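# Summary of the model geometry
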Amino acid sequence: MPAPSSPSTTAAPSAEAPVPLRVGGSRGLGPVALVISAGISVQFGAALAVMIMPRAGAAGVVTLRLAAAALVLLLLCRPKVRGYTRADWGTVLVFGVTMAGMNGLFYQAVDRIPLGPAVTLEVLGPLALSVIVSRRLVNLLWAGLALGGVVLLSGHGGGSGFGSLDPAGAAFALGAGAMWAAYIVYSARTGRRFPQADGLALAMAVAAVLSLPLGIVEAGSDLLVPSTLALGVGVAVLSSVLPYTLELLALRRIPAPTFAILMSLEPAIAATAGFLVLQQALSALDALAIALVIAASMGAVRSQIRKQPAG
């Protein structure tokens, strides 16, 4: 199945295409609000995760996050395991692998480099996806503007830029970005194949099982310390349960290219979370970068709304 793309202005919505945005209706604003809320939640969760890494290590934090998120989602959703095709289960499996890879690589990155530059590099994955799958020139222009903001934001964290970053940390962040692009595609596919958040709960369980051995090896019994467990649950809710559910719902109603460009807001949100939680100062260059990515995201959404019929 090809990556989701914007439906044409004449085609009716189907099970294989996102529901089009409408001008002047809640459907046009709803998905955008869902994506922005998810971004705020996940980046403040990431800042909290950085604070507990000295206790459990990067792999340990990933295990706590995914295991707690899987448990919460399985209890809340109680997904059915019968009545699905082999293709359905294959989609869930790949979705779980992408979540495990995205989380594992990202936390290895923020264990080595500041949160702002890590998310700045990571967001290149969704931006690349928006360029690859877009069929409209205007989406390429908005992606270019967002990329300009991403480049400016590369100086966040002391103004030293990418050149002084730990090479391994930067590589992990780029790898996380590639997995993030795959996550966008398979989140949309899972949302179309499974009702409510059932597919997300099953995929989260897959991701938790994959991450468990690495977490045990790195953190061992430290994972069972009550205070660490409590913080891990907080990270799981902020960084996994809430944002992934919101994003899955949004991807049922918004095309993947627009969703991907909206992800360019993540460096701005991460910089804000780093300032408020981790005391990472914002510079004038950071503010300009934030303005660029917000302008690009707003432009992408406005152009998508204009593309859809008003009826």
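Each remark here, short or long, concerns the structure printed above.
Let us look at the structure shown here. (Residues numbered from 1 in each chain as written. Predicted model: local features only at pLDDT ≥ 70, side-chain atom pairs only at ≥ 80, totals over all residues. Heavy atoms only, no water.)

## So, the nonpolar core
Operational definition: In this description, a nonpolar core means a group of buried Ala, Val, Leu, Ile, Met, Phe, Trp, Tyr and Cys residues linked to one another through side-chain atoms lying within 4.5 Å. Note on exposure labels: buried denotes an accessible area under 20% of the residue type's maximum, exposed denotes more than 50%, and partly exposed covers the range between, all computed with a 1.4 Å probe on protein chains only. Every helix listed is a DSSP run of H or I at least four residues long, and every strand listed is a run of E at least two residues long, numbered separately from the N terminus. By the convention used here, residues are in contact when the closest approach between their heavy atoms is within 4.5 Å.
Counting residues in each nonpolar core, the largest one holds 77 residues, and the members touching the most others are Met99, Phe106, Tyr107, Leu115, Tyr183, Leu200 and Met204. Per-element accounting of this core gives the leading share, 19 residues, to helix H1 (residues 26–77). Dropping the residues within four chain positions of it, Tyr183 is found in contact with Phe95, Thr98, Met99, Met102, Tyr244 and Glu247.

## Digging into the packing of aromatic side chains
Centre distance and the angle of the planes are the two values used to describe a pair of aromatic rings. Where we set the bar: Pairing of aromatic side chains here covers Phe, Tyr and the six-membered ring of Trp, requires ring centres within 6.5 Å, and sorts the geometry by plane angle: under 30 degrees stacked, over 60 edge-to-face, intermediate tilted. Two conditions define a charge sitting above a ring: the NZ of Lys or the CZ of Arg must be within 6 Å of the ring centre, and it must be within 35 degrees of the ring normal.
In total, this model carries 5 aromatic pairs according to the counting rule given. A centroid spacing of 5.9 Å and a plane angle of 90 degrees characterise the contact between Tyr84 and Trp89, whose relative ring orientation is edge-to-face. A network of ring pairs unites the aromatic residues Tyr84, Trp89 and Phe194 as a single cluster. The ring of Tyr186 carries Arg189 above its face, with NZ or CZ at 4.8 Å from the centroid.

## Points about helix H7 (residues 198–219)
Residues that lie three or four places apart on an α-helix share one face, since the helix turns once every 3.6 residues. Operational definition: An expected span of 1.5 Å times one less than the residue number is assigned to each helix. We define the bend at each residue as the angle formed by axes fitted to the 7 residues ending at it and the 7 residues starting at it.
In a regular helix each residue adds 1.5 Å, so 22 residues correspond to 32 Å; H7 covers 30 Å between its end C-alpha atoms and thus fits that length. The largest bend in H7 amounts to roughly 35 degrees and is located at Ser211, with the proline Pro213 lying one to four residues further along. Gly220, located one to two residues past H7, shows a positive phi value of around 60 degrees.

## Description of the packing of helix H2 (residues 86–110) against helix H6 (residues 167–193)
Packed helices, taken two at a time, are described by their axes: the angle between them and the distance between them. Going by this rule: Only the contacting stretch of a helix is used when fitting its axis, a line to C-alpha atoms as for every element, and angles between N-to-C directions run 0 to 180 degrees. Should an angle fall under 35 degrees it is taken as roughly parallel, and over 145 as roughly antiparallel, whereas 65 to 115 is taken as roughly perpendicular and any remaining angle as oblique. Helix crossings are classified by the rotation of the near helix relative to the far one: an anticlockwise turn of less than a right angle makes the crossing left-handed, while a clockwise turn makes it right-handed. Amino acid classes used here: Ala, Val, Leu, Ile, Met, Phe, Trp, Tyr, Cys and Pro are nonpolar; Asp, Glu, Lys and Arg are charged; the rest, including Gly, are polar.
Running from amino to carboxyl end, H2 crosses H6 at an angle of 155 degrees, the nearest separation of the two axes being 7 Å. Overall, the two elements H2 and H6 adopt an arrangement that is roughly antiparallel. Once H2 is placed against H6, the crossing between them reads as left-handed. Looking at the contact of H2 with H6, its residues break down into 18 nonpolar, 8 polar and 3 charged.

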